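Tertiary structure, described
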Amino acid sequence: MEFGLIETLQLLGSLGLFLFGMKVMSDALLLLAGNRMRNILATMTSNRFLGITTGFLITSVIQSSSATTLMVVSFSNASLLTLTESISVIMGANIGTTITAWLITLLGFKVSMSAIALPLVGFGFLFMFSKKEKLKNWGGFIIGFAVLFIGLQFLKENMPDINQNPGILEFLNNYTELGFGSVLLFLFIGTLLTIVVQSSSATMALTLLMTAEGWIPFDLAAAMVLGENIGTTITANLAAIVGNFHAKRTARAHLIFNLLGVLWMLILFYPFLNLISWVSQRLGSESPYLSAAAIPVAISLFHTFFNVLNTFFLVWFINPISKIVMWSVPEKAEPEREIDEPKFLDEKMLKYPETAIASLLKESQYLFQNAIFQIVTHALNIHREDVKSDLKAKKVVKKSIEDFKTDVRALYLSRVKNIYGEIIRYATNAQSTLQLTKVQNNRILEIKVANRKMVEILRDVKELNRNVSTYFVSENKYMKKEYNLYRKLAVQILRMIYDIPGDDGEDLQKKLMVLRKNTNEKLSEHNVQIDQLIRKNLITTDMASSLVNDNDNVRDVLNNLITVAELLYCRRDSLFLPVNDHQETLKEFS
């Protein structure tokens, strides 16, 4: 029988059905276990062996090394994973992907799934009527699993019989008898096929089918498997094109790691294949060199042994690999943006809850550490450099006698308003489009509350600015002393905010609690002093009114500064202040 256009389309359709089943199954597993897997990815990568275990576990569960790698690239882009952590996870993902090969080998060749595949589709379809999202996802997984093997069965049936197609046999003979040149050629074919179909699992299925049908011998099938290891890196590298240098480094590390593995395997290629043949026979199978039926199991063994040994050898060279990657992908400064444009709110980060939250957090922290910090210090007629210095707070206040004539409203409009609005929009999009756990939703609420508090700080400091500018150089020494006390307290808290990035979360929490307590105690004592000044007629009625009102303003500003620091820098998943989402509108200054 001639293999013509119709037969080619049937083969492509079978491959498409296999890929569709793989995608449906992988997507359903991501929905079922994605949150847990991403949480594991974000927390269980503190050392290289934990990272490898994490990569293996995630890929084994979601059955897609590409999905794991894309997740790692996204997490790197959001700075949730360091380069060395990313490399270790990718190493584990390479081992995890061998599970798919065994699944296809054992259930696709050793056991016929075709008899139960359609009943499984019907069984999974029943789950799709459930009102529970989890049961629907289980239904999707069962349907995807069954369709995958239906596609595999069609592939087996539509793969041309080499004995009935002498033209194919003659064509293959021209390229399978070139010695080591054939190995390199089929390595390239494996790479190219994986790049085209964007799935190493699909290429593995095709390789196993070609060996089972007697198209190619054991050694060339092994070469195709090596090519698949290179081709699978293209997915991450394509995704990293639009990412930052962190994402590009992670994708490049994936490529370098797999290339190094292929390089040493090519050097030991034939001895290694002899080892696999020996192991295969010890396990009760025939020699893959003598029987085509024995090749699928031998190829799965080769795939597993290669990836495990490659990881074991190269795990000790993670740091040198990191240095090569950092040299090949230098750190690149982000392009300058307008002063009122967000720096970290990347729409691509809305793919996962963790990356969306990381982007929101970085943007909010940047706003807090820069615009809010600057406006508050200038509103109090204090230089930022003095706050950052080692000079005692009392001396900072004493030397700061210049009126900056700060227009808080103008600074809010030019530096804060648009970014604040974009943060709220981004957070609301994340809440409405992503499947968030209660903890994740609470974390986004915390970030929204923190931003609202920042706007409240500017509103209160705007009122405070007028009287500070009037009285910090007043001829009335009592008024001057009281307003300088306000400024001194502000310097102490602003200095703590500046030092935050270097603090540990738990230590910072304790420091902030102590700072809040001391600040409120001093302001309460200050109320008593104001009463004494009024009783002794040391200040006028207008001055007393200003002091009393500004005492409340200062209390609000300083407590809100501490609250924002707690919300943005102290990991407290159970803490969030209740807020009505419908009232998250921009607060304008009158």
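Residues numbered from 1 in each chain as written. Predicted model: local features only at pLDDT ≥ 70, side-chain atom pairs only at ≥ 80, totals over all residues. Heavy atoms only, no water.

Within the largest apolar cluster, 79 residues are counted, with the highest numbers of intra-cluster contacts made by F368, V416, L458 and L561. Elements supplying a minimum of two residues to this core: α17 (353–379), α19 (393–399), α20 (408–433), α21 (438–471), α22 (477–499), α23 (505–535) and α24 (541–569). Within the second largest apolar cluster, 49 residues are counted, among which are F18, M210, V262 and M265. (Core = buried A, V, L, I, M, F, W, Y, C linked by side-chain atoms within 4.5 Å. Buried < 20%, exposed > 50% of the residue type's maximum accessible area, 1.4 Å probe, protein only. Helix = DSSP H or I, 4+ residues; strand = E, 2+ residues; numbered from the N terminus.)

Turning our attention to helix α4 (residues 83–96). The first and last C-alpha atoms of α4 sit 20 Å apart over 14 residues, in line with the 20 Å expected at 1.5 Å per residue. Here α4 lies mainly inside the structure; 13 of its 14 residues are buried. (Expected span 1.5 Å × (residues − 1).)

Take the packing of aromatic side chains next. In total, this model carries 16 aromatic pairs according to the counting rule given. Pairing W264 with F272 gives two aromatic rings, centres 6.5 Å apart and planes at 85°, and the pair type is edge-to-face. Ring centres of F269 and Y270 lie 5.3 Å apart, and the angle between their planes is 75°; this geometry places the pair in the edge-to-face category. On the basis of relative accessible area, F269 is assigned to the buried category, the value being 0%. (Phe/Tyr/Trp six-rings, centres within 6.5 Å; stacked < 30°, edge-to-face > 60°.)

Mapped onto the secondary structure, L126 falls in helix α6 (residues 114–127). Through-space distance from the C-alpha of L126 to that of K136 is 8.8 Å; in sequence the pair is 10 residues apart.

With that settled, consider the pattern of salt bridges. Tallying each qualifying case throughout the model produces 13 salt bridges. With a shortest N-O distance of 2.3 Å, R443 and E446 are connected by a salt bridge. Placement of both R443 and E446 in helix α21 is noted, with a separation of three residues, approximately one turn of the helix. Each member of the pair R443 and E446 is classed as buried. Taking the shortest distance from any N to any O, the salt bridge between D460 and R459 comes out at 3.6 Å. Among the charged side chains, a network of salt bridges with common partners joins E347, E422 and R425. (Salt bridge = Lys/Arg side-chain N within 4 Å of Asp/Glu carboxyl O.)

Our next topic: the packing of helix α11 (residues 218–231) against helix α13 (residues 245–267). Where α11 meets α13, the axes come as close as 9 Å, and the angle between the chain directions of the two elements is 160°. Compared by their axis directions, α11 and α13 come out roughly antiparallel. Read as a crossing pair, α11 and α13 show a hand that is left-handed. Listed contacts from α13 to L226, N229 and I230 of α11 are N258, L259, V262, M265 and L266. Looking at the contact of α11 with α13 residue by residue, the class counts come to six nonpolar, two polar and no charged. (Axes fitted to C-alpha atoms, helices over the stretch in contact; angles between N-to-C directions. Parallel < 35°, antiparallel > 145°, perpendicular 65-115°, else oblique. Left-handed = near helix turned anticlockwise from the far one by under 90°. Contact = heavy atoms within 4.5 Å. Nonpolar A, V, L, I, M, F, W, Y, C, P; charged D, E, K, R; others polar.)

Of note, F129 is situated in the loop between α6 and α7 (133–158). Linking F129 and G139, residues 10 residues apart in sequence, is a C-alpha distance of 9.1 Å.

With that settled, consider unusual backbone geometry. Located in the positive-phi region is K405, a residue other than glycine, with phi close to 50°. Mapped onto the secondary structure, K405 falls in the loop between α19 and α20. One non-glycine residue, N537, adopts positive backbone phi at about 55°. Along the chain, N537 turns up in the loop between α23 and α24. With relative accessibility at 65%, the residue N537 sits in the exposed group.

For D219, the position within the fold is in helix α11. Given the relative accessible area of 17%, D219 is considered buried.

A few words now on the confidence of the model for the protein chain. Low-confidence regions, as indicated by low pLDDT, have predicted coordinates that should not be scrutinised in detail. Averaged over all residues, the pLDDT of the protein chain is 80; the fraction at 70 or higher stands at 86%. Per-element mean pLDDT across the protein chain ranges from 60 in helix α8 (residues 166–176) up to 91 in α20. (pLDDT = per-residue confidence, 0-100.)

Together, F49, F312, F313, W316 and F317 give the surface a local cluster of nonpolar side chains, amounting to about 570 Å² of exposed area. Summarising the element assignment, F49 is placed in helix α2 (residues 48–62). Given a relative accessible area of 43%, F49 falls into the partly exposed group. (Patch = residues over 30% accessible without salt bridge, like charges linked within 9 Å, V, L, I, M, F, W, Y side chains within 5 Å. Areas by Shrake-Rupley, 256 points an atom, 1.4 Å probe, with all protein chains shown as cover.)

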